[in-house]
Amino acid sequence: MSMTRAARVGFVAVLMLVPALAGIGPAGLAAESDNWPHFRGPTMNAAVADNPDLPETWSQTENVEWVTDVPGLGWSSPVVWGNRVFLTTVTAMGEFEQPKPGLYAPQGRPEPPPLEHDWLVYCLDLETGDVLWRRSVNSGRPSFARHMKNTYASETPTTDGERVYVRFGELGLYTFDMDGNQVWSLEIPDRQTRSDWGSASSPVLHDDKLIIVYDNEEESWIAALDKRTGREIWRTARDEVSSWATPYIWEHEQRTEIVTSGMNQIRSYDLDGNLLWELTGMSSIAIPTPFSEFGLVYVASRYIGDQFRPVYAIQPGAAGDISVYREVASGLQEGFPGTRNYSQDDHVVWSYPLLGTYNTTALVYGDIYYTLLDRGFLTAHDAATGEAIYGRQRLEIGNGFTASPWGYNGKIFLLSEDGDTFVVKAGPEFEILHKNSLSEMSLATPAVARGSLILRTQSKLYRIATRP
């Protein structure tokens, strides 16, 4: 029996998954960890195993174990190790333009606020919300601009349980032990970013290496630092302009790769900084973080003003140029099977030219790839094959979304910029179950650890759980 190309590629993808899925729980579902060490958790796909303590409904008082005020501004996510929660913020002395939801001011502001700022690292007790220690890494007037909706503390820390590693954008890197003693720091000379928007790419750890990507308008690079000393192990120049995506360490049977997203290209590097493969065909802004499930790595980008907003699902073993779209077709309908395209290189298992996300990173929960669009639509596709399950479903008119979705207990959770979390039933039928409101702007993706949700709003950090 002969197969079409689409069927053959999908069949190969399914065969590839059988060994990986044997003997484990539902596909796309990671065991819950006591630790949430970096952006989007241990696997960078924020799908968590079932736990009755994890909350489905909450408010400013319901199912709240504690709430702690956090001064200043910061959209970095909290990270958790053991009984410690880490997050960053930057305070300023005086009045300045506050962030607001929605899309606005595409050129940003060319001048930083002319105020004294203080860049701060917080460590809180997970059980009580008490501040265990607070450290200032720098104070003074910033010399580099940022968009008013961005902050000077938008990069999420990472931790290995011995130290916490913090990047404050163009300022530098700072490392503390778990008791708040500074171990090392490294200045990063600031470069011009697109439209003075500032930075947001977070550091990631692999074994003894701390991986940093700094894409800007002047001199882009990726580097590996010795996590113990901050010594540069290698640095590779990138033919890139500004991007905001966190790199992803992709470990699979063949090798370990560092997958990066950028406007010019998706690129993968080995652990010595050598280029493995590349893919041309992204939108003009790259923010979502790559992640993997089903033996595939997913990479996406989107800008509201672009006609091309792609997502790619790539399997291991690629080399060289694996680009899909040599020419972008016009008149395609977003999110339906007719828009799906396959590469001449079978390492791109499936792709869509118009399914990418702007700020949010997609979620694979169960066997479904969920796309949360910034204007409040949700779509669902088969994560292994790319087949459409349902098209765009509206969450609520007027709500925008920047935080990335997460999932547990048969539900997915979608946090809006207004602080409203929409709880949607996981599976092939779209159904909104609840809307949980905290009544304050929120752009930070939560952490899920120790049977609880650690959720940050503009001025507060909540620990939320359902206890017997």
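Residues numbered from 1 in each chain as written. Predicted model: local features only at pLDDT ≥ 70, side-chain atom pairs only at ≥ 80, totals over all residues. Heavy atoms only, no water.

(A) Region of the structure containing the side chain of Thr 360. Looking at the element boundaries, Thr 360 is found in the loop between strand 22 (348–352) and strand 23 (363–365). Classification of Thr 360 by relative accessible area gives buried; the value is 1%. There is a polar contact of 2.6 Å between the side chain of Thr 360 and the backbone oxygen of Leu 372. (Helix = DSSP H or I, 4+ residues; strand = E, 2+ residues; numbered from the N terminus. Buried < 20%, exposed > 50% of the residue type's maximum accessible area, 1.4 Å probe, protein only. Polar contact = N/O pair within 3.5 Å; in protein donor to acceptor, adjacent residues only side chain to side chain.)

(B) Representation of the packing of aromatic side chains within the structure. For the structure on display, the rule yields 20 aromatic pairs. Arranged with centres 5.8 Å apart and planes meeting at 75°, the rings of Trp 350 and Tyr 352 form a pair that is edge-to-face. For the residue pair Trp 350 and Tyr 352, the accessibility class agrees, reading buried in each case. Relative to Phe 413, the ring of Tyr 408 lies with its centre 4.4 Å away and its plane at 35°, an arrangement referred to as tilted. Tyr 408 sits in the buried class, given a relative accessible area of 0%. An aromatic cluster is present here, built from Phe 291, Tyr 298, Trp 350, Tyr 352 and Tyr 369 joined pairwise through their rings. For Lys 100, the ring lying beneath its charged end belongs to Tyr 104, and the centroid distance is 4.8 Å. (Phe/Tyr/Trp six-rings, centres within 6.5 Å; stacked < 30°, edge-to-face > 60°. Lys NZ or Arg CZ within 6 Å of the ring centre and 35° of its normal.)

(C) Quick look at empty space enclosed by the protein. Applying the stated rule across the entire model yields four cavities of 30 Å³ or more. Space inside the largest cavity adds up to approximately 70 Å³. Along the wall of the largest cavity there are 14 residues; nearest its centre are Thr 151, Tyr 152, Gly 169, Glu 170 and Ser 199. Considering only residue class, the lining of the largest cavity consists of five nonpolar, six polar and three charged. (1 Å grid on protein atoms, 1.4 Å probe; cavity = no way out; pocket = protein on both sides within 12 Å on 5 of 7 lines; lining within 4 Å. Points joined across faces, edges and corners; volume = space filled by probe spheres on them. Nonpolar A, V, L, I, M, F, W, Y, C, P; charged D, E, K, R; others polar.)

(D) Summary view of the environment of Gly 427. Inspection of the secondary structure assignment puts Gly 427 in the loop between strand 29 (420–425) and strand 30 (432–437). Along the chain, Gly 427 and Ala 380 lie 47 residues apart, while their C-alpha atoms are 8.6 Å from each other. Excluding residues within four positions of it along the chain, Gly 427 makes contact with Ile 368, Tyr 370 and Tyr 390. (Contact = heavy atoms within 4.5 Å.)

(E) Just the confidence of the model for the chain, in detail. For the chain, per-residue confidence averages 89 on the pLDDT scale, and 89% of positions sit at 70 or higher. Note that pLDDT drops below 50 for residues 1–28; the model gives that stretch 33 contacts with residues more than four away or on any other chain. Predicted confidence is poor over residues 328–339, with pLDDT under 50, and the contacts of this stretch with residues over four places away or in other chains come to 24 contacts. (pLDDT = per-residue confidence, 0-100.)

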